[in-house]
Amino acid sequence: MSQANIPNITPTITLTRDDAINLLLSSIALEELGLSHILNAEGEKLQFVLGTLPGISSPPATISDLLNMNQSVRDTIKVITQKEILLDSKLNSILSTPISVGPPGPTGATGITGPTGPGVGTTGATGATGSTGATGISVTGTTGTTGVTGATGATGATGATGTTGATGATGATGATGATGATGATGATGATGATGATGATGATGATGATGATGATGATGATGATGATGATGATGATGATGATGSTGIRGETGATGPTGATGATGIGVTGATGATGATGSTGTRGETGATGPTGATGATGIGVTGATGATGATGSTGTRGETGATGPTGATGATGIGVTGATGATGATGATGATGATGATGATGPIFTVENFSAFLSTVTLSASSQLVNWSTASPYYGSASFNALTGTYTVPATGTYAIKATINYETTAAITVSLGAGITPAFDVQRITPVVTSLIIGDFPVLNVNVALVLTLRAILGAGTVTLAGDVQLNAGDTLGLFYVANGLTINLNLGGGGEGIVWSIHRLS
């Protein structure tokens, strides 16, 4: 930042009075500009320590660092304030200096003394009021540095989810995977039931021996004939024909055996020709199908290629905008230097006095019904009505007020003014912070016919929350609560002054260190 150049620095300085005053005003403006840069630098120091300076990451700060930095800024502002006082004095001196004053002219010749006039003439008319002086030059102070930007508000709630887009087209079917390995052969099914034996065909003529047919199923054995009775032993008769052998498959029936000849030595007869092979019996029905074998293990096929991606669904409707986050805390107000006040213009002529207004109606007389009572001290830790009042001078009583019970009975329907001044102090230092719902108070209550709070005054509560340093909520160790108000009451109503603890459990000395409590009621109408 460069300084202004003083013009005409030559062996002969030709600065006029007006030029000098303008240069002095310019120097004050430049000093103010310099101070504003210093204040801005102090603000950036705080931003760096707090980690909020844009574009720069600062190391974490401890409580000790914050307190040291705070003291440094306070010292700088203190020096700047002293400098501002000097600049204000300098500016006032410059603005009070007359401008454009020329050298005095030569004294004119003394005129001839005129003849003495007659006696004192009439007073001339008052001259017109002089024009208002020119407004003083007010130099506007430089604008204070912009406060630290408040913390960003919490992110608004997420808007409702948009409707789902239409399903994309199905991708092309992937190539068929390779055929899996053949599963193990299933267990062999149970053998079907044997078909019924075909009927034996009639014995045909012995033909040429054909090809041996497949051996038919063995026929069931025929039933054994009953044993004939034993005849008398006689000549051996011819052997009876052997009963036919049960049906045999394809082999033809054996011809009857010739009768056994007499035993002798004969030549064995020739073997009879083999009978023709009977026709093949009908094929038995196919046996029932055996149970299906167990399924073979699944073959490992190669996964087909992924189908093409379906078209993107249309964009869902936009969700509702989330609620706006809370406004960040307002930045600290910049310290701007107030310009000097312009010179006061000449006072205008005093206006004519207005006509006197009509006299107002006479107000009510307060001494008709009233009392004022004093209570020196009482120690309480729970809600209670205040009792045992004194109406001794300078205080005064009323037939409607019971000083012992502290109850006032309204004598007539009308408007009443109620006032109470309660001093108090704690009996010991407070060591515990109060909860958010604990706020003790004093209350003027209508006791009958229905309990009603008429005038309430809360205790002064100190509520401190310094981030990372201190959180505290407590009543002041000593203080004064004042109640005042006008209310409409009915004849027969009863009133009392109450202490309402609202959750506070510590002992309080109501009346303080002797200042006491004063309670009064006056009937207005």
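Parameters at a glance
Residues numbered from 1 in each chain as written. Predicted model: local features only at pLDDT ≥ 70, side-chain atom pairs only at ≥ 80, totals over all residues. Heavy atoms only, no water. Salt bridge = Lys/Arg side-chain N within 4 Å of Asp/Glu carboxyl O. Helix = DSSP H or I, 4+ residues; strand = E, 2+ residues; numbered from the N terminus. Buried < 20%, exposed > 50% of the residue type's maximum accessible area, 1.4 Å probe, protein only. Polar contact = N/O pair within 3.5 Å; in protein donor to acceptor, adjacent residues only side chain to side chain. Core = buried A, V, L, I, M, F, W, Y, C linked by side-chain atoms within 4.5 Å. Contact = heavy atoms within 4.5 Å. Expected span 1.5 Å × (residues − 1).

Under an unreviewed UniProt entry, the name given to the chain is Collagen-like protein, and the source organism is Brevibacillus brevis.

## Notes on the pattern of salt bridges
Summed over all chains, the structure comprises four salt bridges. Put simply, Lys90 and Glu31 hold a salt bridge, and the shortest N to O gap is 3.5 Å. Taken together, the residues span a long stretch of sequence, with Lys90 in helix H2 (residues 63–95) and Glu31 in helix H1 (residues 17–50) at a distance of 59 residues. With relative accessibility at 25%, the residue Glu31 sits in the partly exposed group.

## Structural notes on the side chain of Gln445
In this fold, Gln445 is placed in strand S7 (residues 441–448). Polar contacts involving the side chain of Gln445 include one to the side chain of Asp443, which spans 3.1 Å.

## Considering the nonpolar core
Core analysis: the biggest nonpolar cluster contains 34 residues, and Trp389, Leu483, Leu497, Tyr499, Leu510 and Trp519 have the highest contact counts within it. Sorting the residues of this core by element identifies strand S1 (370–375), strand S6 (414–426), S7, strand S11 (478–489), strand S12 (494–500), strand S13 (508–510) and strand S14 (517–523) as the ones contributing at least two each. Excluding residues within four positions of it along the chain, Tyr499 makes contact with Leu380, Ala382, Ser383, Ser384, Pro440, Ala441, Phe442, Phe459, Leu504, Leu508 and Leu510.

## Thoughts on the environment of Ile475
Along the chain, Ile475 falls in strand S10 (residues 470–475). Here Ile475 falls in the buried class, since its relative accessible area comes to 4%. Along the sequence, Ile475 and Ile438 sit 37 residues apart, while their C-alpha atoms lie 9.8 Å from each other. The contact partners of Ile475, leaving out residues within four places of it in the chain, are Tyr424, Thr426, Ile430, Leu434, Pro440, Phe459, Pro460, Val461, Leu504, Ile506 and Leu508.

## Remarks on H1
End to end, H1 covers 50 Å across 34 residues, agreeing with the expected 50 Å (1.5 Å per residue, within 8%). Taken together, the buried positions of H1 are Ile21, Leu25, Ile28, Glu32, Gly34, Leu35, Ser36, Leu39, Glu42, Gln47 and Val49. Of the residues one or two after H1, Gly51 is the one with positive phi, at around 80°.

## Comments concerning unusual backbone geometry
The amide bond that connects Ser393 to the next residue, Pro394, takes the cis arrangement and shows omega of 15°. Locating Pro394 in the fold gives a position in the loop between strand S3 (384–385) and strand S4 (401–402). Residue Pro449 is bonded to the preceding Thr448 through a cis peptide linkage, with omega at 5°. At Asn388, a position not held by glycine, the phi torsion is positive, near 60°. For Asn388, a relative accessible area of 48% corresponds to the partly exposed category. One non-glycine residue, Asn502, adopts positive backbone phi at about 50°.

## A closer look at the environment of Asn463
Note on placement: Asn463 falls in strand S9 (residues 461–466). Residue classification places Asn463 among the exposed residues on the basis of a relative accessible area of 58%. If we ignore the near neighbours within four places in the chain, the residues touching Asn463 are Leu472 and Arg473.

## Side note on H2
The end-to-end C-alpha separation of H2 is 47 Å, in line with the 48 Å expected for 33 residues at 1.5 Å each. Those residues of H2 not exposed but buried are Met69, Val73, Thr76, Ile80, Glu84, Leu87, Leu91 and Ile94. Looking at the buried side of H2, the elements it contacts are H1.

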